[in-house]
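What follows is the residue order along each chain.
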Amino acid sequence: MTIFSRIIAGEIPCYKIAEDDRFFAFLDINPVNWGHTLIVPKREEDYIFDLSDEELGAMMVFAKKVAAAIKEAIPCRKVGVTVLGLEVPHAHIHLVPLKNEGDMNFSNKISDPSPEKMKQIAAAITAKL
Ligand code: 5GP
């Protein structure tokens, strides 16, 4: 079971943003920028391009809804989309609110984000869903 499956199962806490029957969204615990959100299929699959065309499409449609809420809640120009998958072997999309290119720098994460701020960010995004 991946760490993301344990989060989805409620065994590990997270700052939840949204879920439906197939996908789950929550804040990245080490955000590159405030509002950095992960979109994960509930079904475990490591590599995103091993998902079926249908599941990949549905995942992006789910991400689109979450991205719209992030864009309304967090001052930004656009919500950027990245896939890395080098750390957690459970396919996921990173959504990151961007004002400039540097806001998507995975080598420069926000250090020690406070739980209060993370809670506030999650509440602001979910309020726009
Ligand atoms: P990637 O697999 O895309 O290279 O990186 C995995 C991402 O998941 C990282 O940005 C990391 O901060 C995030 N992450 C890893 N473990 C946890 C966790 O337990 N909770 C949350 N919310 N995010 C995590």
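Anything mentioned here points back to the structure above.
On a predicted model such as this, the values are computed, not experimentally measured, just so you know. Along each chain, the written sequence defines residue order, and numbers are assigned to residues from 1. Per-residue local features are limited, in this predicted model, to residues with pLDDT of at least 70; the limit for side-chain atom pairs, both in listing and counting, is 80 or more; totals at the level of whole chains, interfaces and linings are taken over all residues. As a rule here, side-chain values come from all non-hydrogen atoms in the structure, and water together with hydrogens is ignored.

Asks: Quick rundown of the pairing of strand E1 (residues 16-19)? Include the residues and the values.
Replies: Following DSSP output, two strands are said to pair if at least two bridges run between them. Secondary structure elements follow DSSP: runs of H or I of four or more residues count as helices, runs of E of two or more count as strands, with numbering from the N terminus. With three bridges joining them, E1 and strand E2 (residues 23-27) adopt antiparallel strand pairing. Counted as the bridge partner of Ala18 is Ala25 from E2. Hairpin geometry of E1 and E2 is characterised by an intervening segment of three residues between the two adjacent antiparallel strands.

Asks: So what about helix H2 (residues 53-73)? Which residues, and what values?
Replies: In a helix, the anticipated span is given by 1.5 Å times the number of residues less one. Given a rise of 1.5 Å per residue, 21 residues ought to cover 30 Å, and the 30 Å separating the end C-alpha atoms of H2 matches this to within 8%. With a 1.4 Å probe rolled over the protein chains alone, any residue whose accessible area is under 20% of its type maximum counts as buried; one over 50% counts as exposed, and the rest are partly exposed. Within H2, the full set of buried residues consists of Glu55, Ala58, Met59, Phe62, Ala63, Val66, Ala67, Ala69 and Ile70. Turning to H2, the residues buried within the fold contact E1, E2, strand E3 (37-41), strand E4 (78-82), strand E5 (93-98) and helix H3 (115-126). Contact criterion: two residues are considered in contact whenever any of their non-hydrogen atoms come within 4.5 Å of each other.

Asks: Just give me the short version of the pairing of E2, but keep the residues and values in it.
Replies: Burial of E2 is extensive: five of the five residues sit out of reach of the surface. As paired elements, E2 and E3 share five bridges and run antiparallel to each other. Across the sheet, residue Leu27 finds its bridge partner in E3, namely Thr37.

Asks: Tell me what's going on with the site of the ligand, and back it up with residues and numbers.
Replies: The nearness test applies per residue and asks whether one of its heavy atoms lies within 4 Å of the molecule or strand. Near the ligand, the surroundings consist of 17 residues, among which Leu27, Asp28, Val88, His92 and His94 are the closest. The separation between a nitrogen atom of the ligand and a polar main-chain atom of Ile29 is 3.3 Å. The definition of a polar contact used here is a pair of N or O atoms within 3.5 Å, where within protein one atom must be able to donate a hydrogen and the other to accept one, and adjacent residues in sequence count solely through side-chain atom pairs. Within the side chain of Lys109, one N or O atom sits 2.9 Å away from an oxygen atom of the ligand. Burial of the ligand by the protein amounts to 91% of the accessible area it has alone, namely 520 Å². Lining residues are those with an atom within 4 Å of a point, where the points come from a 1 Å grid over the protein atoms alone and group into cavities, where a 1.4 Å probe fits but cannot get out, or pockets, open sets with protein on both sides within 12 Å along at least five of seven lines. For a cavity or pocket, the test is whether more than half of a molecule's atoms lie within 2 Å of its grid points; if they do, the molecule sits there. Judged by the fraction of its atoms near the pocket grid, the ligand is located in the largest pocket. Elements with a contribution of two residues or more to the shell around the ligand: helix H1 (3-8) and E2. Ranked by residues supplied to the shell around the ligand, first place goes to H1 with three residues. In this description, accessible areas are obtained by the Shrake-Rupley approach with a 1.4 Å probe, and a residue is regarded as covered only by the protein chains that are shown.

Asks: Describe the environment of Ala127, listing the residues and the values that go with them.
Replies: As for its position among the elements, Ala127 is in the segment after H3. Given a relative accessible area of 61%, Ala127 falls into the exposed group. Residues Ala127 and Gly10 lie 117 residues apart in sequence; the distance between their C-alpha atoms is 21 Å.

Asks: Can you lay out the nonpolar core for me, pointing to particular residues and giving the numbers?
Replies: With 27 residues, the main nonpolar core has Ile17, Leu27, Ile39, Val66, Leu95 and Ile125 as its most contacted residues. Only E1, E2, H2, E5 and H3 provide two or more residues apiece to this core. For this core, the element with the highest residue contribution is H2, accounting for eight residues. Residues within four places of Leu95 in sequence aside, it is in contact with Gly35, His36, Thr37, Ile39, Ala63, Val66, Ala67, Ile70, Val79, Gly80 and Val81. By nonpolar core is meant a set of buried Ala, Val, Leu, Ile, Met, Phe, Trp, Tyr and Cys residues that side-chain atoms within 4.5 Å join together.

Functional significance is not addressed by these values, which are geometric in nature.
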